[in-house]
Amino acid sequence: MTQAPTPTADTVRRLVRTLLKDAGDSGPGPEVRPVTAEGGHGTWWVGTRHVLRLAADREATVRMRREVRLRDLVRPHVPVAVPTAVAHGEWSPGLAHTLDTKVPGGTAEDHDVSAVGEADLAGLLGGLREVPARQAEAIGVPRVAPRSLEALRRMAVAAAGHLAAADEFDPARLHQLTPPGAAQLAAQPATAVLVHHALRGEHLVVSADGRVRGVLHWTDAVVGDPAEDIAGLTLAVGSGAAVRAATLTGYGARACLRGLWLARCDTVVRLGERLKGQGTESPALLRTQLRRAWEAILLERVTELREDGADGADD
């Protein structure tokens, strides 16, 4: 595997000079700075209008090159901005880079999503459903089988005991999802669509008025279970907003509840792992996502997870 050298500000400045015609051959050029202080500095702000991303290995290179093509495929179908690659190539032998336009705005961690913003999210989910899955697969987007909600439920039950000992979570809340209920919410055949698969708060560009203006980070996209994106939105904007957006898209109670319970079990498992010293995610963010996922919503009060497996609310 080709391993990247650690990029520095000088590395980025030299690369930017070759990519931006207005950067000039002399003078300081645009300001460059890493997006985060942690990690290997793979993402950099370039001035006020661009973002430079540097792949760290060959696997990331494959995903980055695929992402450039995927964004072009997705863009006509969704009502929100998708970053455009101004330039792309290699920044080190065998390692890709892409210089993208910056989508102006904050994130869903900075601004609450308004009712109109929920309609933007519905348009996003609907647009992803319209992208031809065969075209996405033709450019290398993998097809992924749906996760077992029952297996995830068992993991969450095990993790909940650890969270209870730390006074973080009441395990009794998981009793709402029984094994027959998990089976009832199994993914349905022939429902695979293009899934962003990382609709976390930091990847949703949200303006101060609560509108969703763009979506970032398309490298994790798959053809698979649409409930995964409902689950992602649950962590980003809360259960109520996520389910309302999915309902506006036309998803039925089964898909909405499946996404909700994927998110709920995921948050319990991930916070449990973090408290054991595993992972690098912020415990504060994980607690926020846990709270969002476990918001009570009206759909739960009017839809029973019946143990006979019947369901009158298919998509």
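For every chain, the first residue of the written sequence is number 1, and numbering continues from 1 onward in sequence order. Since the coordinates come from a predicted model, pLDDT governs what is reported: local features require at least 70, and pairs of side-chain atoms require 80 or more to be given and counted, while whole-chain, interface and lining totals use all residues. As a rule here, side-chain values cover all heavy atoms of the structure and leave hydrogens and water aside.

Would you mind going over empty space enclosed by the protein in detail, with residue names and values included?
Only protein atoms enter the 1 Å grid, on which a cavity is a set of points fitting a 1.4 Å probe that cannot get out and a pocket is an open set with protein on both sides within 12 Å along at least 5 of 7 lines, lining residues being those with an atom within 4 Å of a point. Grid points are joined across faces, edges and corners, and a volume is the space filled by probe spheres set on the points. Under the definition given, this model contains 2 cavities of 30 Å³ or more. Approximately 30 Å³ is the volume attributed to the second largest cavity. Around the second largest cavity sit Leu125, Leu128, Val193, Leu194, Pro226, Asp229 and Tyr251, which together line it. All residues other than Ala, Val, Leu, Ile, Met, Phe, Trp, Tyr, Cys, Pro, Asp, Glu, Lys and Arg, Gly among them, are scored as polar; the first ten of these are nonpolar and the last four charged. Taken together, the residues that form the lining of the second largest cavity break down as 6 nonpolar, no polar and 1 charged.

I'd like a description of the nonpolar core, backed by residues and values.
Here is a general trend for soluble globular proteins: nonpolar side chains tend to be buried in one another's company. Put simply, buried Ala, Val, Leu, Ile, Met, Phe, Trp, Tyr and Cys residues joined by side-chain atoms within 4.5 Å make one nonpolar core. Any residue under 20% of the maximum accessible area for its type is buried, any over 50% is exposed, and the rest in between are partly exposed; the area is computed with a 1.4 Å probe on protein chains only. With 70 residues, the main nonpolar core has Val74, Leu194, Leu204, Val237 and Val268 as its most contacted residues. Among the elements that take part in this core, helix H9 (residues 253-275) stands out by supplying 12 residues, more than any other. Here a residue-residue contact requires only that any non-hydrogen atoms of the pair lie within 4.5 Å. When neighbours within four sequence positions are excluded, leucine 204 is seen to be in contact with Gly106, Thr107, Ala108, Leu121, Leu199, Gly214, Val215, Leu233, Ala236 and Val237. Core analysis: the second largest hydrophobic core is formed by 14 residues, Trp44, Val46, Trp91 and Leu95 among them. Strands here mean DSSP runs of E at least two residues long; helices mean DSSP runs of H or I at least four residues long; both are numbered from the N terminus.

Can you lay out the sheet that holds strand S3 (residues 50-54) for me, pointing to particular residues and giving the numbers?
The strands that make up a sheet are held in pairs by hydrogen bonds between backbone atoms, and each pair lies either parallel or antiparallel. As summarised here, the arrangement of the 5 strands in space is S1-S2-S3-S5-S4, forming an open sheet in which the pairing is antiparallel. A strand with exactly one partner marks an edge of an open sheet, and here the two such strands are strand S1 (32-34) and strand S4 (85-92). Strand-to-strand, the axes of this sheet are offset by a mean angle of 25°, without reference to chain direction. Across 5 bridges, the pairing between S3 and strand S5 (residues 95-101) is antiparallel. Pairing between two strands requires that DSSP report at least two bridges joining them. Axes here mean lines fitted to C-alpha atoms, for a helix over just the part in contact, with angles spanning 0 to 180 degrees between N-to-C directions.

An account of the pairing of strand S2 (residues 43-46) is needed here, citing residue identities and associated values.
Burial along S2 is one-sided: the residues Trp44 and Val46 are buried and none of Thr43 and Trp45 is. One ladder, built from 3 bridges, connects S1 with S2; its direction is antiparallel. Bridge pairing in S2 links arginine 33 to tryptophan 45. Across 4 bridges, the pairing between S2 and S3 is antiparallel. Paired with valine 46 across the strands is histidine 50, a residue of S3. Here S2 hands over to S3 after 3 residues, with glycine 47 in that stretch at a positive phi of 60°.

If you had to explain the packing of helix H7 (residues 227-237) against helix H10 (residues 283-293) to someone new, which residues and values would you point to?
The N-to-C vectors of H7 and H10 enclose an angle of 110°; their axes lie 7 Å apart at closest approach. Judged on the interaxial angle alone, H10 and H7 are roughly perpendicular. Of the two elements, H7 crosses H10, and the hand of that crossing is right-handed. Note on element contacts: H10 touches H7 through Gln289, Arg292 and Ala293, opposite Thr234, Leu235 and Ala236. Taken together, the residues of the contact of H7 with H10 sort by class into 3 nonpolar, 2 polar and 1 charged. Any angle from 65 to 115 degrees is called roughly perpendicular, while one under 35 is roughly parallel, one over 145 is roughly antiparallel, and all others are oblique. Rotating anticlockwise by less than a right angle from the far helix to the near helix defines a left-handed crossing, while the corresponding clockwise rotation defines a right-handed one.

Describe the layout of surface pockets, and please don't skip the residues or the numbers.
Counted as a void, the second largest pocket has a volume near 330 Å³. Of all the secondary structure elements, the ones that give two or more residues to the lining of the second largest pocket are strand S10 (222-224), H7 and H9. Per-element tally for the lining of the second largest pocket: the top contributor is H7, with 5 residues. When grouped by side-chain class, the residues that make up the lining of the second largest pocket number 7 nonpolar, 3 polar and 7 charged.

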